[in-house]
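Each chain is listed here by its residues.
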Amino acid sequence: MQKSDDPSTVYTVLLQLKKIMGILGQKHSIITFDLAIYKVAKEMVWSRPQEFQHTIIRLGGFHVILNYLGALGNMLTSSGVIGLMSESGVFSNTTIKHILAGGNYKRGVRFHKLLYEALLRKKLEAPKQWMMATDREDPLENLDLSDRHTNEELTQAAEVLIAQMQMFDSVSPEDSQVLKFWNLYLRTAQTLLSLIRAERSGNWSLYIESLTSMLPMFYAYDRVNYSRWLPIYICDMVDLEENAPEVHKEFLLGKFSINRTGNPYAAVLTDMVLKQTLNKDSKGAGGLNGISNDEQARTKWFLSSHIRAHLYSVQKEFCESDDTSYNKHREDTDSYTMKDETDIQAILATLRKYNADIFSHKKTPLTDIATGISPSASTAQHILEALSNGEKR
(Lines give C-alpha, C1' and ligand atoms only; values in the text may rest on other atoms or scores of the structure.)
Protein backbone atom coordinates (compact mmCIF):
# COMPACT_ATOMS: atom_id res chain seq x y z
CA MET A 1 0.00 0.00 0.00
CA GLN A 2 1.41 3.39 -1.04
CA LYS A 3 1.80 6.22 1.44
CA SER A 4 -0.74 9.04 1.26
CA ASP A 5 1.92 11.58 0.29
CA ASP A 6 3.44 9.39 -2.43
CA PRO A 7 3.38 11.37 -5.73
CA SER A 8 1.68 8.53 -7.61
CA THR A 9 -1.06 8.34 -4.96
CA VAL A 10 -1.62 12.10 -5.01
CA TYR A 11 -1.70 12.12 -8.83
CA THR A 12 -4.31 9.34 -8.85
CA VAL A 13 -6.46 11.24 -6.33
CA LEU A 14 -6.30 14.46 -8.37
CA LEU A 15 -7.24 12.60 -11.56
CA GLN A 16 -10.13 10.83 -9.83
CA LEU A 17 -11.37 14.15 -8.41
CA LYS A 18 -11.19 15.74 -11.85
CA LYS A 19 -13.18 12.83 -13.28
CA ILE A 20 -15.87 13.12 -10.60
CA MET A 21 -16.20 16.87 -11.14
CA GLY A 22 -16.56 16.24 -14.88
CA ILE A 23 -19.43 13.80 -14.25
CA LEU A 24 -21.10 16.36 -11.98
CA GLY A 25 -20.63 19.11 -14.55
CA GLN A 26 -18.53 21.21 -12.17
CA LYS A 27 -15.73 23.25 -13.71
CA HIS A 28 -13.44 23.53 -10.68
CA SER A 29 -12.10 20.70 -8.54
CA ILE A 30 -11.52 21.72 -4.91
CA ILE A 31 -9.73 19.44 -2.49
CA THR A 32 -8.22 19.90 0.98
CA PHE A 33 -4.99 18.28 2.16
CA ASP A 34 -2.85 18.50 5.26
CA LEU A 35 0.58 20.03 4.70
CA ALA A 36 2.48 16.82 3.93
CA ILE A 37 0.18 16.02 1.00
CA TYR A 38 -0.47 19.67 0.13
CA LYS A 39 3.20 20.18 -0.79
CA VAL A 40 3.16 17.20 -3.15
CA ALA A 41 -0.18 18.22 -4.69
CA LYS A 42 0.94 21.82 -5.31
CA GLU A 43 4.12 20.65 -7.03
CA MET A 44 1.98 18.28 -9.08
CA VAL A 45 -0.30 21.13 -10.18
CA TRP A 46 2.68 23.38 -10.94
CA SER A 47 4.33 20.67 -13.07
CA ARG A 48 1.10 19.93 -15.02
CA PRO A 49 -0.59 23.36 -15.36
CA GLN A 50 -2.78 22.43 -18.31
CA GLU A 51 -3.96 19.12 -16.85
CA PHE A 52 -4.88 20.64 -13.50
CA GLN A 53 -5.77 24.15 -14.64
CA HIS A 54 -9.05 24.15 -12.71
CA THR A 55 -7.87 22.23 -9.65
CA ILE A 56 -7.82 24.24 -6.41
CA ILE A 57 -5.72 22.84 -3.58
CA ARG A 58 -6.66 23.97 -0.08
CA LEU A 59 -4.60 23.61 3.09
CA GLY A 60 -6.36 21.95 6.02
CA GLY A 61 -6.99 24.34 8.89
CA PHE A 62 -6.84 21.68 11.61
CA HIS A 63 -3.07 21.23 11.40
CA VAL A 64 -2.53 24.95 10.81
CA ILE A 65 -4.18 25.60 14.17
CA LEU A 66 -2.25 22.77 15.87
CA ASN A 67 1.04 24.25 14.67
CA TYR A 68 -0.04 27.71 15.77
CA LEU A 69 -0.87 26.28 19.19
CA GLY A 70 2.67 24.91 19.27
CA ALA A 71 4.09 28.34 18.37
CA LEU A 72 2.02 29.92 21.16
CA GLY A 73 3.40 27.26 23.48
CA ASN A 74 6.95 28.26 22.51
CA MET A 75 6.07 31.87 23.22
CA LEU A 76 4.74 31.02 26.69
CA THR A 77 7.79 28.99 27.72
CA SER A 78 9.09 30.31 31.07
CA SER A 79 6.11 32.68 31.36
CA GLY A 80 4.64 30.83 34.34
CA VAL A 81 1.40 29.68 32.68
CA ILE A 82 2.09 26.05 33.56
CA GLY A 83 2.06 26.92 37.24
CA LEU A 84 -0.85 29.35 36.80
CA MET A 85 -3.17 26.93 35.01
CA SER A 86 -2.12 23.94 37.12
CA GLU A 87 -2.57 25.70 40.46
CA SER A 88 -5.89 27.06 39.24
CA GLY A 89 -7.04 23.46 38.87
CA VAL A 90 -8.05 23.98 35.24
CA PHE A 91 -5.55 21.55 33.68
CA SER A 92 -2.95 19.13 35.00
CA ASN A 93 0.78 19.70 34.46
CA THR A 94 1.00 16.86 31.94
CA THR A 95 -2.00 18.13 29.98
CA ILE A 96 -0.62 21.68 29.90
CA LYS A 97 2.74 20.52 28.55
CA HIS A 98 0.93 18.50 25.88
CA ILE A 99 -1.19 21.54 24.97
CA LEU A 100 1.80 23.89 24.77
CA ALA A 101 3.49 21.42 22.42
CA GLY A 102 0.49 21.71 20.09
CA GLY A 103 -0.65 18.18 20.78
CA ASN A 104 -4.37 18.60 21.40
CA TYR A 105 -6.74 20.77 19.36
CA LYS A 106 -9.82 20.87 21.57
CA ARG A 107 -8.01 21.34 24.87
CA GLY A 108 -5.50 23.72 23.28
CA VAL A 109 -8.19 26.05 21.97
CA ARG A 110 -10.00 25.99 25.30
CA PHE A 111 -6.73 26.62 27.18
CA HIS A 112 -6.03 29.80 25.23
CA LYS A 113 -9.67 30.90 25.26
CA LEU A 114 -9.75 30.75 29.06
CA LEU A 115 -6.31 32.33 29.49
CA TYR A 116 -7.16 35.09 27.00
CA GLU A 117 -10.45 35.86 28.74
CA ALA A 118 -8.88 35.93 32.21
CA LEU A 119 -6.00 38.16 31.10
CA LEU A 120 -8.32 40.48 29.21
CA ARG A 121 -10.46 40.93 32.34
CA LYS A 122 -7.27 41.60 34.28
CA LYS A 123 -6.26 44.21 31.72
CA LEU A 124 -9.67 45.91 31.89
CA GLU A 125 -8.98 46.63 35.57
CA ALA A 126 -5.67 48.33 34.79
CA PRO A 127 -6.91 51.63 33.24
CA LYS A 128 -9.08 52.40 36.27
CA GLN A 129 -6.18 51.82 38.65
CA TRP A 130 -3.92 53.93 36.42
CA MET A 131 -6.44 56.78 36.32
CA MET A 132 -6.79 56.76 40.08
CA ALA A 133 -3.01 56.81 40.50
CA THR A 134 -2.64 59.74 38.07
CA ASP A 135 -5.73 61.68 39.27
CA ARG A 136 -7.53 61.28 35.94
CA GLU A 137 -11.29 61.14 35.57
CA ASP A 138 -12.75 57.72 34.83
CA PRO A 139 -15.42 58.14 32.08
CA LEU A 140 -17.04 54.83 33.05
CA GLU A 141 -18.06 56.17 36.45
CA ASN A 142 -20.78 58.26 34.81
CA LEU A 143 -22.31 55.23 33.11
CA ASP A 144 -24.92 53.13 34.90
CA LEU A 145 -24.10 49.51 34.04
CA SER A 146 -26.09 47.86 36.82
CA ASP A 147 -29.38 47.13 35.05
CA ARG A 148 -30.88 46.40 31.64
CA HIS A 149 -29.99 48.73 28.83
CA THR A 150 -30.84 49.40 25.21
CA ASN A 151 -28.44 48.48 22.43
CA GLU A 152 -27.56 52.16 22.02
CA GLU A 153 -26.58 52.48 25.69
CA LEU A 154 -24.49 49.31 25.55
CA THR A 155 -22.83 50.53 22.36
CA GLN A 156 -22.03 53.83 24.05
CA ALA A 157 -20.51 52.03 27.04
CA ALA A 158 -18.44 49.83 24.73
CA GLU A 159 -17.15 52.86 22.81
CA VAL A 160 -16.13 54.58 26.04
CA LEU A 161 -14.37 51.43 27.24
CA ILE A 162 -12.51 51.00 23.92
CA ALA A 163 -11.43 54.65 23.98
CA GLN A 164 -10.23 54.21 27.57
CA MET A 165 -8.18 51.11 26.64
CA GLN A 166 -6.69 52.87 23.60
CA MET A 167 -5.62 55.81 25.76
CA PHE A 168 -4.14 53.42 28.34
CA ASP A 169 -2.17 51.57 25.64
CA SER A 170 -1.01 54.80 23.97
CA VAL A 171 0.80 55.92 27.11
CA SER A 172 2.15 52.49 28.06
CA PRO A 173 5.88 52.69 28.83
CA GLU A 174 8.17 50.95 26.36
CA ASP A 175 10.44 49.69 29.15
CA SER A 176 7.78 47.63 30.96
CA GLN A 177 8.72 44.18 29.69
CA VAL A 178 5.93 42.32 31.49
CA LEU A 179 3.27 44.63 30.03
CA LYS A 180 4.75 44.32 26.55
CA PHE A 181 4.92 40.52 26.71
CA TRP A 182 1.35 39.96 27.85
CA ASN A 183 0.04 42.50 25.33
CA LEU A 184 1.84 40.47 22.66
CA TYR A 185 0.21 37.30 23.96
CA LEU A 186 -3.27 38.86 23.87
CA ARG A 187 -2.65 39.93 20.29
CA THR A 188 -1.48 36.49 19.14
CA ALA A 189 -4.23 34.65 21.03
CA GLN A 190 -6.77 36.98 19.42
CA THR A 191 -5.48 35.81 16.03
CA LEU A 192 -6.20 32.19 16.97
CA LEU A 193 -9.71 33.01 18.16
CA SER A 194 -10.34 35.14 15.04
CA LEU A 195 -9.50 32.20 12.77
CA ILE A 196 -11.91 29.95 14.68
CA ARG A 197 -14.58 32.66 14.49
CA ALA A 198 -14.02 32.99 10.73
CA GLU A 199 -14.33 29.24 10.32
CA ARG A 200 -17.52 28.91 12.39
CA SER A 201 -19.26 31.97 10.94
CA GLY A 202 -18.11 31.44 7.34
CA ASN A 203 -16.35 34.83 7.15
CA TRP A 204 -13.93 34.49 4.22
CA SER A 205 -12.26 37.89 4.62
CA LEU A 206 -11.58 37.29 8.32
CA TYR A 207 -10.27 33.81 7.46
CA ILE A 208 -7.64 35.22 5.06
CA GLU A 209 -6.80 38.05 7.45
CA SER A 210 -6.33 35.63 10.38
CA LEU A 211 -4.10 33.27 8.39
CA THR A 212 -1.97 36.23 7.31
CA SER A 213 -1.69 37.38 10.92
CA MET A 214 -0.43 33.92 11.90
CA LEU A 215 2.60 34.09 9.60
CA PRO A 216 4.90 36.09 11.93
CA MET A 217 4.45 33.47 14.66
CA PHE A 218 5.43 30.66 12.28
CA TYR A 219 8.53 32.62 11.23
CA ALA A 220 9.39 33.66 14.80
CA TYR A 221 9.25 30.15 16.26
CA ASP A 222 10.79 28.22 13.36
CA ARG A 223 7.69 26.46 12.08
CA VAL A 224 9.62 26.00 8.84
CA ASN A 225 7.11 24.11 6.71
CA TYR A 226 4.21 26.43 7.47
CA SER A 227 6.35 29.56 7.09
CA ARG A 228 7.24 28.32 3.59
CA TRP A 229 3.91 27.01 2.38
CA LEU A 230 1.26 29.07 4.16
CA PRO A 231 2.16 32.26 2.19
CA ILE A 232 1.71 30.28 -1.04
CA TYR A 233 -1.69 29.05 0.12
CA ILE A 234 -2.80 32.56 1.14
CA CYS A 235 -1.73 33.97 -2.24
CA ASP A 236 -3.65 31.20 -4.04
CA MET A 237 -6.79 31.97 -2.05
CA VAL A 238 -6.49 35.73 -2.64
CA ASP A 239 -6.01 35.09 -6.39
CA LEU A 240 -9.27 33.11 -6.56
CA GLU A 241 -11.13 36.38 -7.17
CA GLU A 242 -9.33 36.64 -10.52
CA ASN A 243 -8.56 33.00 -11.38
CA ALA A 244 -11.78 31.34 -10.18
CA PRO A 245 -14.43 34.04 -9.57
CA GLU A 246 -17.23 31.47 -9.26
CA VAL A 247 -15.43 29.72 -6.40
CA HIS A 248 -14.48 33.02 -4.78
CA LYS A 249 -18.13 34.11 -4.84
CA GLU A 250 -19.19 30.92 -3.05
CA PHE A 251 -16.41 31.28 -0.48
CA LEU A 252 -17.56 34.83 0.26
CA LEU A 253 -20.96 33.29 1.04
CA GLY A 254 -19.28 31.14 3.69
CA LYS A 255 -19.05 27.90 1.73
CA PHE A 256 -15.33 27.40 2.41
CA SER A 257 -16.36 25.75 5.70
CA ILE A 258 -19.11 23.19 6.25
CA ASN A 259 -22.14 23.60 8.47
CA ARG A 260 -23.63 20.18 9.12
CA THR A 261 -26.45 21.42 11.38
CA GLY A 262 -27.65 24.61 9.68
CA ASN A 263 -27.28 26.44 13.00
CA PRO A 264 -25.45 29.75 13.25
CA TYR A 265 -21.80 29.75 14.28
CA ALA A 266 -21.55 25.98 13.82
CA ALA A 267 -19.49 25.56 10.64
CA VAL A 268 -16.11 23.80 10.68
CA LEU A 269 -13.28 23.54 8.18
CA THR A 270 -13.36 20.72 5.63
CA ASP A 271 -10.59 18.60 7.17
CA MET A 272 -12.30 18.85 10.56
CA VAL A 273 -15.52 17.51 9.02
CA LEU A 274 -13.60 14.49 7.73
CA LYS A 275 -12.31 13.79 11.23
CA GLN A 276 -15.80 14.21 12.72
CA THR A 277 -17.55 11.99 10.18
CA LEU A 278 -15.75 9.44 8.00
CA ASN A 279 -12.67 9.00 10.19
CA LYS A 280 -14.72 8.88 13.39
CA ASP A 281 -17.46 6.64 12.03
CA SER A 282 -15.04 4.16 10.43
CA LYS A 283 -13.22 3.45 13.68
CA GLY A 284 -14.22 0.53 15.83
CA ALA A 285 -13.25 0.03 19.45
CA GLY A 286 -9.48 0.25 19.49
CA GLY A 287 -9.23 1.09 15.77
CA LEU A 288 -6.06 -0.46 14.36
CA ASN A 289 -4.95 -1.76 17.75
CA GLY A 290 -4.00 -5.41 17.53
CA ILE A 291 -3.85 -5.61 13.72
CA SER A 292 -1.36 -2.85 12.89
CA ASN A 293 1.46 -5.39 12.35
CA ASP A 294 -0.60 -7.56 9.99
CA GLU A 295 -0.35 -5.96 6.53
CA GLN A 296 -3.25 -7.92 5.04
CA ALA A 297 -5.59 -7.14 7.96
CA ARG A 298 -4.51 -3.51 7.89
CA THR A 299 -5.26 -3.26 4.16
CA LYS A 300 -8.73 -4.74 4.66
CA TRP A 301 -9.36 -2.28 7.51
CA PHE A 302 -8.50 0.72 5.32
CA LEU A 303 -10.34 -0.49 2.20
CA SER A 304 -13.53 -1.16 4.16
CA SER A 305 -13.44 2.06 6.21
CA HIS A 306 -16.03 3.86 4.05
CA ILE A 307 -18.44 0.92 4.38
CA ARG A 308 -18.13 0.84 8.18
CA ALA A 309 -18.57 4.63 8.26
CA HIS A 310 -21.76 4.41 6.20
CA LEU A 311 -23.22 1.62 8.34
CA TYR A 312 -22.39 3.50 11.54
CA SER A 313 -23.91 6.71 10.16
CA VAL A 314 -27.14 4.92 9.16
CA GLN A 315 -27.34 3.28 12.59
CA LYS A 316 -26.97 6.67 14.33
CA GLU A 317 -29.68 8.15 12.13
CA PHE A 318 -31.99 5.18 12.80
CA CYS A 319 -31.45 5.49 16.57
CA GLU A 320 -31.80 9.29 16.36
CA SER A 321 -28.44 9.69 18.09
CA ASP A 322 -26.72 11.78 15.43
CA ASP A 323 -24.48 14.40 17.03
CA THR A 324 -25.69 17.13 14.61
CA SER A 325 -29.07 17.50 16.34
CA TYR A 326 -28.04 20.41 18.62
CA ASN A 327 -29.90 23.67 18.01
CA LYS A 328 -26.86 25.75 19.01
CA HIS A 329 -23.13 25.36 19.39
CA ARG A 330 -22.16 23.16 22.31
CA GLU A 331 -19.94 25.89 23.75
CA ASP A 332 -23.02 28.12 24.02
CA THR A 333 -24.88 25.72 26.30
CA ASP A 334 -25.36 26.61 29.97
CA SER A 335 -23.13 23.80 31.22
CA TYR A 336 -20.20 24.88 29.00
CA THR A 337 -20.48 28.57 29.83
CA MET A 338 -20.80 27.86 33.57
CA LYS A 339 -17.74 25.59 33.48
CA ASP A 340 -15.77 28.24 31.56
CA GLU A 341 -16.75 30.99 33.99
CA THR A 342 -15.76 28.85 36.98
CA ASP A 343 -12.34 28.17 35.44
CA ILE A 344 -11.79 31.83 34.50
CA GLN A 345 -12.55 32.88 38.08
CA ALA A 346 -10.09 30.25 39.32
CA ILE A 347 -7.37 31.66 37.03
CA LEU A 348 -8.08 35.22 38.21
CA ALA A 349 -7.96 34.09 41.84
CA THR A 350 -4.56 32.48 41.26
CA LEU A 351 -3.28 35.66 39.58
CA ARG A 352 -4.38 37.65 42.62
CA LYS A 353 -2.64 35.11 44.85
CA TYR A 354 0.56 35.60 42.83
CA ASN A 355 0.06 39.36 43.14
CA ALA A 356 0.79 39.46 39.42
CA ASP A 357 0.44 43.10 38.36
CA ILE A 358 1.15 42.25 34.73
CA PHE A 359 -0.59 45.24 33.12
CA SER A 360 0.91 47.91 35.33
CA HIS A 361 2.63 50.99 33.88
CA LYS A 362 5.50 50.44 36.30
CA LYS A 363 8.88 49.60 34.83
CA THR A 364 8.85 45.84 35.37
CA PRO A 365 11.32 43.29 33.95
CA LEU A 366 10.02 40.13 32.32
CA THR A 367 9.36 37.52 35.02
CA ASP A 368 7.76 34.14 35.50
CA ILE A 369 4.38 35.03 37.01
CA ALA A 370 4.34 31.87 39.14
CA THR A 371 7.89 31.93 40.53
CA GLY A 372 8.94 35.56 40.06
CA ILE A 373 12.20 34.44 38.43
CA SER A 374 13.47 36.68 35.60
CA PRO A 375 15.38 35.40 32.55
CA SER A 376 18.69 36.93 31.53
CA ALA A 377 18.56 40.29 29.76
CA SER A 378 19.48 38.71 26.40
CA THR A 379 16.83 35.99 26.76
CA ALA A 380 14.16 38.54 27.70
CA GLN A 381 15.08 40.66 24.69
CA HIS A 382 14.92 37.61 22.40
CA ILE A 383 11.44 36.71 23.72
CA LEU A 384 10.08 40.25 23.33
CA GLU A 385 11.53 40.75 19.84
CA ALA A 386 10.62 37.33 18.44
CA LEU A 387 7.30 38.44 16.96
CA SER A 388 8.67 41.65 15.44
CA ASN A 389 11.54 39.64 13.94
CA GLY A 390 8.98 37.23 12.50
CA GLU A 391 7.10 40.15 10.95
CA LYS A 392 10.30 41.38 9.27
CA ARG A 393 10.89 38.00 7.70
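If you're wondering where the values come from, they're calculated on a predicted model, not measured in any experiment. (Residues numbered from 1 in each chain as written. Predicted model: local features only at pLDDT ≥ 70, side-chain atom pairs only at ≥ 80, totals over all residues. Heavy atoms only, no water.)

### Examining the side chain of Thr 350
Considering the arrangement of structural elements, one finds Thr 350 in helix H17 (residues 334-354). Within the structure, the side chain of Thr 350 is placed 2.9 Å from the backbone oxygen of Ala 346, a separation counted as a polar contact. Ignoring any residue separated from it by four or fewer positions in sequence, one finds Thr 350 in contact with Leu 84, Glu 87 and Ser 88. (Helix = DSSP H or I, 4+ residues; strand = E, 2+ residues; numbered from the N terminus. Polar contact = N/O pair within 3.5 Å; in protein donor to acceptor, adjacent residues only side chain to side chain. Contact = heavy atoms within 4.5 Å.)

### Focus: the packing of helix H1 (residues 7-24) against helix H2 (residues 35-47)
Orientation of H1 relative to H2, taken along the N-to-C sense of each, is 70°, at an axis distance of 10 Å. Taken together, the axes of H1 and H2 are roughly perpendicular relative to one another. The interaxial crossing formed by H1 with H2 has right-handed handedness. Residues Pro 7, Val 10, Tyr 11 and Leu 14 of H1 touch H2, and the partners they reach there are Ile 37, Val 40, Ala 41, Met 44 and Val 45. Looking at the contact of H1 with H2, its residues break down into nine nonpolar, no polar and no charged. (Axes fitted to C-alpha atoms, helices over the stretch in contact; angles between N-to-C directions. Parallel < 35°, antiparallel > 145°, perpendicular 65-115°, else oblique. Left-handed = near helix turned anticlockwise from the far one by under 90°. Nonpolar A, V, L, I, M, F, W, Y, C, P; charged D, E, K, R; others polar.)

### Here we look at the packing of aromatic side chains
Two aromatic rings, taken as a pair, are described by how far apart their centres are and by the angle between their planes. Inspection of the entire model under this criterion finds 15 aromatic pairs. Judged by centre distance (6.1 Å) and plane angle (85°), the rings of Tyr 38 and Tyr 233 are edge-to-face. Highlighted residues: Tyr 38 in helix H2 and Tyr 233 in helix H10 (residues 224-238), separated in sequence by 195 residues. By relative accessible area, Tyr 38 is classed as buried at 0%. Among the aromatic residues, ring-to-ring pairing joins Tyr 38, Trp 46, Trp 229 and Tyr 233 into one connected group. Over the ring of Phe 251 we find Arg 58, and its NZ or CZ is 5.3 Å from the ring centre. (Phe/Tyr/Trp six-rings, centres within 6.5 Å; stacked < 30°, edge-to-face > 60°. Buried < 20%, exposed > 50% of the residue type's maximum accessible area, 1.4 Å probe, protein only. Lys NZ or Arg CZ within 6 Å of the ring centre and 35° of its normal.)

### Here we look at the pairing of strand E1 (residues 29-33)
Because side chains alternate across E1, one face comprises the buried residues Ser 29, Ile 31 and Phe 33, and the other comprises Ile 30 and Thr 32, none of which is buried. Taking the sense of rotation as the criterion, the β-α-β connection linking E1, H2 and strand E2 (residues 55-59) turns out right-handed. (Right-handed = clockwise from strand over helix to strand, strands pointing away.)

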